[in-house]
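Below are the chains, spelled out letter by letter.
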Amino acid sequence: MEKVLVLGSINIDFVSFVPRYPLPGETLVSNDFGIFQGGKGANQAIALAKLDVPTLMLGKVGEDVLSDLALSSLQESKVDITGITKNQKISTGSASIWVNAQGQNSIVIYPGANGEVGEDFIFQHEKFFYDASWFLTQFEIPLKSILLALKLAKKHGLKTIMDPAPVREVSNNHIWELVDYLLPNEIELRELTHTENILKAIHILKSRGVKEVIVKLGKQGAGYEGKGTFNLFPAVPVEQRVDTTGAGDCFVAGFLYGMIQWGDIPRAIKIANLTASYSIQKKGAAISFPKKSEIDWKKLE
Ligand code: RIB
């Protein structure tokens, strides 16, 4: 199977499950608390590996107890961690997360070592681009490094996927022409294009050079532009949304798995919706993602 190179963040998530979000100045008691593997890069790498996709991760952690947790969970899921470096001077990235009774989350991240993934690191790891077929990244490491890695990906003939989360201002527009598949959610789409109109926003991104835009719409599902209209693929119904943290990451991995297996966008979106539906029914990000063997593939039909 085609191999994926993931460049991105590695966090440990500190998650409080709350009946509702606290007001400014208020102290609230949580119902439950957990420490989980997180980071959009690591989450997506783990989700791919759980789908039996050969996955190598490039990124940085600190030399601390959090990095031991992160590296062991990546390894347990069979992600190749030879491209992960330990940085002695700064701690592993972390995220403070509140999940409310509806399963919605609010996240504050501390980049830590993720912020140290510089251009020199990307150059040093160019050999990892040689035998991969796909390059996947997000917006949780420095943009300059993302741009350089996308250039290397194209130089070595990789197909590229980008999840523009957490969204931020992109001053160098050359980045877009290096992206084959962009997977924003509705908020990210609006922030990147300054329009509420989904189809118009897709056209703006395509005019900048993105080949395909797949829009994640949460509870509604996801869609893309086909033959001039927006084709929506509804989300897979679930009994209860326990924790939506990482659902977007699981979606991205499901989409990429679908593209590797079938090379067909509608089918890949359906697979992405299906994999994401599993992740929202359990607590935590990476730990909630389904293994290939746990998925009821009949639900696709
Ligand atoms: O996408 C969810 C992830 O965002 C969390 O795991 C958190 O670490 C942040 O990176």
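Since we're looking at a predicted model, the values are computed, not measured.

So, on to the overall build of the chain. Along its length, the chain carries eight helices and 13 strands. The globule rule puts the C-alpha radius of gyration for 301 residues at 19 Å, and the 18 Å found for the chain is close to it. Taken over the C-alpha atoms alone, the chain extends approximately 50 × 45 × 40 Å along its principal axes. Expressed as a percentage of its 301 residues, the buried residues of the chain come to 55%. Considering only contacts in the chain between residues 6 or more positions apart, those separated by 24 or more positions represent 69%. Measuring between centres, the 32 positive side-chain charges of the chain sit 3 Å from its 33 negative side-chain charges.

This brings us to unusual backbone geometry. A cis geometry characterises the amide bond from Ala165 onward to Pro166, with omega recorded as -5°. Inspection of the secondary structure assignment puts Pro166 in the loop between strand S9 (159–163) and strand S10 (181–182). A positive phi angle, close to 75°, is found at Lys78, a residue other than glycine. Residue class for Lys78 comes out exposed when judged on its relative accessible area of 67%.

The immediate surroundings of the ligand are formed by 13 residues, with Asp13, Gly39, Lys40, Glu140 and Asp249 found nearest. Note that an oxygen atom of the ligand is positioned 2.8 Å from one of the side-chain N or O atoms of Lys40. Note that an oxygen atom of the ligand is positioned 2.7 Å from one of the side-chain N or O atoms of Glu140. If the ligand stood free it would expose 280 Å²; the protein chains cover 96% of that surface. Listing elements by their share of the shell around the ligand, those giving two or more residues are strand S2 (11–17), helix H1 (40–50) and strand S7 (105–110). A per-class count over the shell around the ligand returns four nonpolar, five polar and four charged.

With that settled, the discussion passes to helix H7 (residues 247–262). Taking 1.5 Å of rise per residue, 16 residues should cover 22 Å, and H7 covers 22 Å from first to last C-alpha, within 8% of that figure. Burial within H7 is extensive, with 13 of its 16 residues counted as buried. The positive-phi residue at the C-terminal boundary of H7 is Gly263, with phi of around 60°.

The subject of this paragraph is the sheet that holds strand S11 (residues 212–216). Taken in spatial order, the nine strands make up an open sheet running S5-S4-S1-S8-S9-S10-S11-S12-S13, and their pairing is mixed. The open sheet has two edge strands, strand S5 (80–87) and strand S13 (229–233), and neither has a second partner. Pairing geometry for strand S1 (residues 4–7) and strand S4 (residues 55–62), over four bridges, is parallel. The partner of Val4 across the bridge, within S4, is Thr55. Lying on the sheet, helix H2 (residues 65–76) is in contact with S4 and S5; it crosses S5 at an angle near 175°.

Here the focus is the packing of aromatic side chains. Given two aromatic rings, their pairing is described by the distance between the two centres and the angle made by the two planes. Applying the stated criterion to the full structure yields seven aromatic pairs. What links up through ring pairs into an aromatic cluster is the set Trp134, Tyr181 and Phe255. Across the ring face of Trp262, the terminal group of Arg267 is positioned such that the distance to the ring centre comes to 4.4 Å.

Of all hydrophobic cores here, the largest spans 52 residues; its most connected members are Val4, Leu74, Ile161, Tyr181, Ile214, Phe255 and Ile269. Considering every element that reaches this core, the biggest residue donor is H7, with nine residues. Setting aside residues no more than four positions away along its own chain, Tyr181 makes contact with Trp134, Thr160, Ile161, Met162, Glu212, Ile214, Phe255, Met259 and Ile265. Leu7, Leu56, Leu148 and Leu192 belong to the second largest nonpolar core, which has 38 residues in total.

What counts, and at which threshold
Residue positions are counted from 1 within each chain, in the order its sequence is given. Per-residue local features are limited, in this predicted model, to residues with pLDDT of at least 70; the limit for side-chain atom pairs, both in listing and counting, is 80 or more; totals at the level of whole chains, interfaces and linings are taken over all residues. The basis for the side-chain values is all heavy atoms of the structure; hydrogens and waters are excluded. Strands here mean DSSP runs of E at least two residues long; helices mean DSSP runs of H or I at least four residues long; both are numbered from the N terminus. Radius of gyration here is computed from C-alpha atoms only, and the compact-globule reference equals 2.2 Å multiplied by the residue count raised to the power 0.38. Classification of residues uses two cut-offs on accessible area relative to the type maximum, computed with a 1.4 Å probe and protein chains only: under 20% is buried, over 50% is exposed, and between them is partly exposed. Here a residue-residue contact requires only that any non-hydrogen atoms of the pair lie within 4.5 Å. Here Asp and Glu are counted as negative and Lys and Arg as positive; His is not counted, and neither are the chain ends. Each charge is placed at NZ for Lys, CZ for Arg, CG for Asp and CD for Glu. For this purpose, a residue is taken to be near a molecule or strand whenever a single non-hydrogen atom of the residue falls within 4 Å of it. Two N or O atoms form a polar contact when they lie within 3.5 Å of each other; inside protein one atom must be a possible hydrogen donor and the other a possible acceptor, and for residues adjacent in sequence the pair counts only when both atoms belong to side chains. Each accessible area is a Shrake-Rupley result for a 1.4 Å probe, and residues are judged covered by the shown protein chains and nothing else. Side-chain classes follow a simple rule in which Ala, Val, Leu, Ile, Met, Phe, Trp, Tyr, Cys and Pro form the nonpolar group, Asp, Glu, Lys and Arg form the charged group, and the remainder, Gly included, forms the polar group. Any helix carries an expected span of 1.5 Å times its number of residues minus one. For two strands to pair, DSSP has to find at least two bridges joining them. All axes here are fitted lines through C-alpha atoms, helices being fitted over the stretch that makes contact, and every angle between N-to-C directions spans 0 to 180 degrees. Aromatic pairing here means that ring centres of Phe, Tyr or Trp (its six-membered ring) are within 6.5 Å. Orientation follows from the plane angle: under 30 degrees is stacked, over 60 is edge-to-face, and everything else is tilted. Think of it as a cone above the ring: NZ of Lys or CZ of Arg counts as a charge over the ring if it is within 6 Å of the ring centre and within 35 degrees of the ring normal. The set of buried Ala, Val, Leu, Ile, Met, Phe, Trp, Tyr and Cys residues whose side-chain atoms join them within 4.5 Å is what this entry labels a nonpolar core.

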